[in-house]
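# Understanding the architecture of this molecule
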Amino acid sequence: MKLKNLFFALLLITMSQAIGQVVTGAVTASDGPLPGANVIVKGTKIGVVTDFEGNYTIDKLANGDVLVFSYIGFKPKEITYTGQARIDALLIEDLVSLDEVVIVNYGTQRNTPVSVVKAEALSEFPTTDIGQALQGRAAGVTITNGGSPGSQTLVQIRGVNTFGDGTPLYVVDGVFTNSINSLDLASVEKIDVLKDAASLAVYGSRGTNGVILISTKKGKVGNASFSFNMSSGIQEFNRRYDVLNTEQYIQFTREVNALTGENGGPDFPIGRVNLNPNFDGDGIDTNWQDAYFRQAPILNISANVNGGSEKARFNVGVSRLDQDGVFIDTGFTRTTININTDANISEWLEIGQTLSLSQNETTLPERDGGRDPFQNILGQAPYIPVRTETGLFGGTNSLDLNDSRNQIRIQNSQDNLTRFSSAIGSLYGKFKIANGLTFRSQFGLNASLLLQDNERRAFAEDGSFANPINFIGKTRQTTSQTIFTNTLNFDRDYGKHSVNASAVLEQTQIRFESASISDNNEVSSEIPEVFSPNARATSFSIPENLNSILFLGGYEFDNRYSISASGRRDTSSRFSPENASQWFFSGSFGWDVSNEPWFKVDAMNSLKLRASYGETGNNRTGNAVNQFLPTLGLNLPSSINNETSTGISPNNAANPDLRWETQIKQNYGFSSAFLYDQIQFSVDYFKNRSEDLLIPVELPSSAGIPGNSQTGSTVIRNVGIVDVEGYEVTLGYNDYKGEFKWNFWANLTKADNVVESLSGTGEPIERARLNPPFASALNRLAVNEAPFHFFGLVADGVFSTQAQIDSELPNNSTAAVPVQPGDVRFLDLNGDGLITLDDRDVIGNPNPDFTYAVNLRAEYRGWDFDVLFNGVQGVDALNSNIFYLEGLDNGLNYGTQVLRRWQNPGDITDIPRFRFGSNINNEISSRYIEDASYLRLRNVTVGYTFPTTMVNKSGNGIIKKLRFYVQGQNLATFTNYSGLDPEIAPFYNAAGLVDGLGIDRSAQPRPITVLSGIQVEF
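Described in the following lines is the structure provided in the data block.

What counts, and at which threshold
Residues numbered from 1 in each chain as written. Predicted model: local features only at pLDDT ≥ 70, side-chain atom pairs only at ≥ 80, totals over all residues. Heavy atoms only, no water. Helix = DSSP H or I, 4+ residues; strand = E, 2+ residues; numbered from the N terminus. Buried < 20%, exposed > 50% of the residue type's maximum accessible area, 1.4 Å probe, protein only. Contact = heavy atoms within 4.5 Å. Pairing = 2+ DSSP bridges. Expected span 1.5 Å × (residues − 1). Arc of directions from axis to C-beta. Phe/Tyr/Trp six-rings, centres within 6.5 Å; stacked < 30°, edge-to-face > 60°. Lys NZ or Arg CZ within 6 Å of the ring centre and 35° of its normal. Polar contact = N/O pair within 3.5 Å; in protein donor to acceptor, adjacent residues only side chain to side chain. Salt bridge = Lys/Arg side-chain N within 4 Å of Asp/Glu carboxyl O. Core = buried A, V, L, I, M, F, W, Y, C linked by side-chain atoms within 4.5 Å.

Let's shift gears to the overall build of the chain. Regarding its fold elements, the chain presents 12 helices and 59 strands. Among the 1018 residues that make up the chain, the fraction classed as buried is 52%. Put simply, of all contacts in the chain between residues at least 6 apart along the chain, 71% involve residues at least 24 apart.

Quick look at the structure:
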């Protein structure tokens, strides 16, 4: 009988194991439950998500099954089922992410060094755009923000890989876009930065400059939750240039008058002081910089609703940002709505949609008289008031040798308003065909409307400048991009073997349309519209297509060895049919050494090696597309027999031989972890080679093709090769034991950029121009030099005496304009005894030696602390402000350093003499090149989260989380750079391409910002 009972008991146990057991449990973090966490049976598609309290129930388990617990921002955890009725999992935060597996648009990509910035980091460091959020937080990524609110952000990944459009590809929920300023960070769940060959080649022509994947927040299982975030603060910038005050400036103009008629002196005396020897400025001493700067408020509000069931989930977010600039009459506002839903219609069908709507308004600084705002601000006479007693704006007149405009009046009488509306969204359906085989179809849309309004209203000054005419210019641009992606994906585990493969068909259609109209009237400045029959209008539209096929596959054995490969073929309408198509291939290998049976290192719990090779392409040529075909325009009106006739000429110089830029990328690295992932360390070596680089090349005026005032006509050509070689290092430490928890991480990136060759004659190609004040190009591309290096004369002080000149420049007397005492001492590099433009040399490199960042985060009993430093080392800048402060070629105001300028033979100084008019002293030279290295205290945040028990008691259980914080941004900058801000905004040309790096043209500096905020969850 006992034997029979034992038999039945064993039979029941066996049957129960065959049928499968039910297990319950909870998934928690150190501060509470994790609703929406994933619980999956490893190697299968069986899984559930936790409810609002972090609880789960899963059935059909068999002995030996492994449960994988995961949640975004936390380290996954595996627990083997051995008959337990309950399994609880405590997940540890993963603030230092060295992930090697990433879900790209088309499938799973392995062995890639992806930098991840998660929602936790974004929420505790609220910023106005994604560029600022990434700054210092991702190795290999260099961010240069414009200080003006809403200005364009330059993002470079692993150096300069192209001479043209070097911005990375942004992918928002599978939709390609460039309008990242339209996204609110409160709606972002995670940002993945792809940098290596294997992951970028998957994107083919789109991946040359790196890819930034942005995942917005999706609905989670559980009761509907509501969160509200608000922060407000003040922005201020108190650094100023030291310029001449009224007394100093009047004395300076009297000394200039004494040079009238002499070599280098003005042709006529300055009447203001010449006619009145007792003129003292009438007691006026205007600080024009203080008049132009202001204390600027910033307000950011966002709200989010999230919830759903296992069948359907939703997330809705709204936000509003109001940010004034520290320059008067500048600012940025943004309103966003984010709606995401997904639903499991059946076991074989999942559908969903994403939608991000945004409306921005940007008011940028005004230019006038061909000058940047700061040139007017620094050069204006201090005895001129901002406004006179009669209410008119102050201004100079013919009695002054000073034609600076009243910049305050310019800001008041001119409008430079840009409104930008965008919609980024997708609809998708995912069909389960068989076990491990799925088909996903997605339609994506990225549509935008750009409205630019420029108005110069009539004005009168108490000086020489007045304008009775109201000028109005309006531009309307629409861009629509549709992306239709169909993906067949296979993903299965067979014991120790894991296989995934994808086949993709993708079609992208882009249409850009632009219409501009301009008019002027003398009726009223209160009429901001175009209404006269003399208005001039232009319009054009540009279609573009990109068709792609992709094959992607990967294999992993026993969590030890993995390989992946991809092949993508892109066909672009930017090239002629014979050059339109290109294949891009990649391959990668990974080895998890720590999973080898023989790996027995107690202190090291993880060691992974990786290597990848890939090819990418680039078809971006700025705003100019279809450059292989010529177009005609009404560009050359002619006068014949006293009648104006329409003239037709080419709009562009066509190049039918245009072909793809191609890049060959290599990456070799390893990731390791010690002491149960407390210490994490990663190193990657990369080498990129870019060939057939696309760039606008200047044409002679005889080409007969109109161009802009800076460069004349240009043609897009494939011109050369650039090599980038470098490495990234990331180090992190996590300590989550006890009440005091802290986390530290640091990263360092070094990238060396060299131009290997230039096609054709191999002659250097001149690039950026800033005219006025400089007639020569500011930088160039040349073989064996860094891209966009500065090129000019080498300055070494000032010639003190004629004897010194005769000794160093024996042929000086034969020069068209001989050098004289008091002139800049340029080095005679070619040894011909003269100073000419042939003596120019490389004088600076705007590409940094290395960039780095350090972050420290700590928590203790509800208090949290976060501090972030980032730095750039070994970078040169061309400081054009030095010309405004030391130019000494007219009667403008200057910096106080001109008080020690050369005036008499024997003077020893580094400031040249006054020399009226354009002259070689102000030629591009090393005078303007400075070391712009810096270390910046980017962010300090101190917050307090009230205990759950206290919040629930006071809010009757309605409030789930309540956190207050204070934050400081850009609190301190350590640098030797003499300009206002060593983090120099990018310099763009008329085609929208980056024309040069490190050129300081008086852009708005990044202010010190102090704000406080509240975060509430219900």
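Past the structure itself, the notes keep going.
Alignment of strand β30 (residues 536–557) against strand β31 (residues 561–572), held across 12 bridges, turns out to be antiparallel. The residue of β31 that forms the bridge with S548 is D570. Hairpin connection of β30 to β31: three residues between the antiparallel strands, including D558 at a positive phi of 55 degrees. Where β31 meets strand β32 (residues 581–592), 11 bridges bridge the pair, whose relative direction is antiparallel. By the bridge assignment for β32, R569 is matched with W583.

Strand order in the open sheet formed by three strands is β53-β52-β58, with mixed pairing between adjacent strands. At either end of the open sheet lies a strand with only one pairing partner, and these are β53 (929–931) and β58 (999–1000). Of the pairings in the sheet, the one linking strand β52 (residues 876–879) to β53 comprises three bridges and is antiparallel in character. When the bridges of β53 are listed, D876 appears paired with D931.

Let's shift gears to helix α5 (residues 246–257). Its 12 residues give α5 an end-to-end C-alpha distance of 16 Å, which sits within 8% of 16 Å, the value for a rise of 1.5 Å per residue. For α5, every residue scored as buried is listed here: T246, Y249, I250, F252, T253, V256 and N257. The buried residues of α5 all sit within an arc of 160 degrees when viewed along its axis, so they share a single face.

Inspection of the secondary structure assignment puts G553 in strand β30. Not counting residues up to four positions away in its chain, the partners in contact with G553 are N500, A501, I563, S564 and A565.

In this structure the tally under the stated criterion is 33 aromatic pairs. Taken together, a centroid distance of 5.6 Å and an interplanar angle of 10 degrees make the contact between W583 and F585 stacked. Among the aromatic residues, those joined into a cluster by ring pairs are F237, Y241, Y292, F293, F327 and F374. For R409, the ring lying beneath its charged end belongs to F459, and the centroid distance is 3.6 Å. Between the NZ or CZ atom of R440 and the centre of the ring of Y428, over which it lies, the distance is 4.3 Å.

In this section: unusual backbone geometry. With the exception of glycine, most residues fall at negative phi, and the peptide bonds are largely trans. Of note in this structure, D173 is not a glycine but carries a positive phi near 50 degrees. Relative to the helices and strands, D173 resides in the loop between β14 (169–172) and β15 (175–177). Taking relative accessible area as the criterion, D173 reaches 15% and is therefore assigned buried. You will see that N970, though not glycine, has its phi angle at about 55 degrees, which is positive. Relative to the assigned elements, N970 resides in strand β55 (residues 961–975). Judged by relative accessible area, N970 falls into the buried class, the value being 10%.

This part covers the pairing of strand β39 (residues 679–691). By the alternation rule, side chains of β39 split into Q680, S682, D684, F686, N688 and S690, which are all buried, and I679, F681, V683, Y685, K687, R689 and E691, of which none is buried. For strand β38 (residues 661–674) and β39, the ladder comprises 13 bridges, and the chain directions are antiparallel. Residue pairing across strands places Q663 opposite S690, the latter belonging to β39. The hairpin formed by β38 and β39 contains four residues between the paired strands, and L675 there has a positive phi angle of roughly 55 degrees. One ladder, built from 12 bridges, connects β39 with strand β42 (residues 720–735); its direction is antiparallel. In the strand pairing of β42, F686 is matched with G726.

Topologically, E596 is positioned in the loop between β32 and β33 (604–618). The exposure class of E596 is buried, given its relative accessible area of 6%. A polar side-chain atom of E596 sits 2.4 Å from a polar atom in the side chain of Y561. In this structure, E596 is in contact with R560, Y561 and W591, ignoring residues within four places of it in sequence.

Here Y928 is to be found in the loop between α11 (881–886) and β53. Distance from Y928 to G844, taken between C-alpha atoms, is 9.7 Å for residues 84 residues apart in sequence. In contact with Y928, other than residues within four places in its own chain, are F774, A877, L878, N879, I882, F883, N921, N922 and E923.

The next thing to look at is the pattern of salt bridges. Using the criterion set out here, one finds 49 salt bridges in the structure. With a shortest N-O distance of 3.1 Å, R320 and D322 are connected by a salt bridge. Accessibility expressed as a relative area gives 26% for D322, which makes it partly exposed. R457 is paired through a salt bridge with D415; the nearest N and O atoms lie 2.6 Å apart. With a gap of 42 residues between them, R457 in the loop between β25 (437–456) and β26 (459–462) and D415 in strand β24 (residues 414–434) connect regions that are remote in the sequence. In the salt-bridge network here, residues are joined through shared partners; they are R936, R938, D981, E983 and R1006.

Glancing now at the nonpolar core. By size, the foremost hydrophobic cluster in this structure holds 48 residues, and its most contacted members are F252, F374 and L778. The contact partners of L778, leaving out residues within four places of it in the chain, are A768, R769, L770, F790, F791, L878, I924 and I999. With 35 residues, the next largest nonpolar core counts Y106, I157, F176 and I214 among its residues.

Shape is all these values report; function is a separate question.
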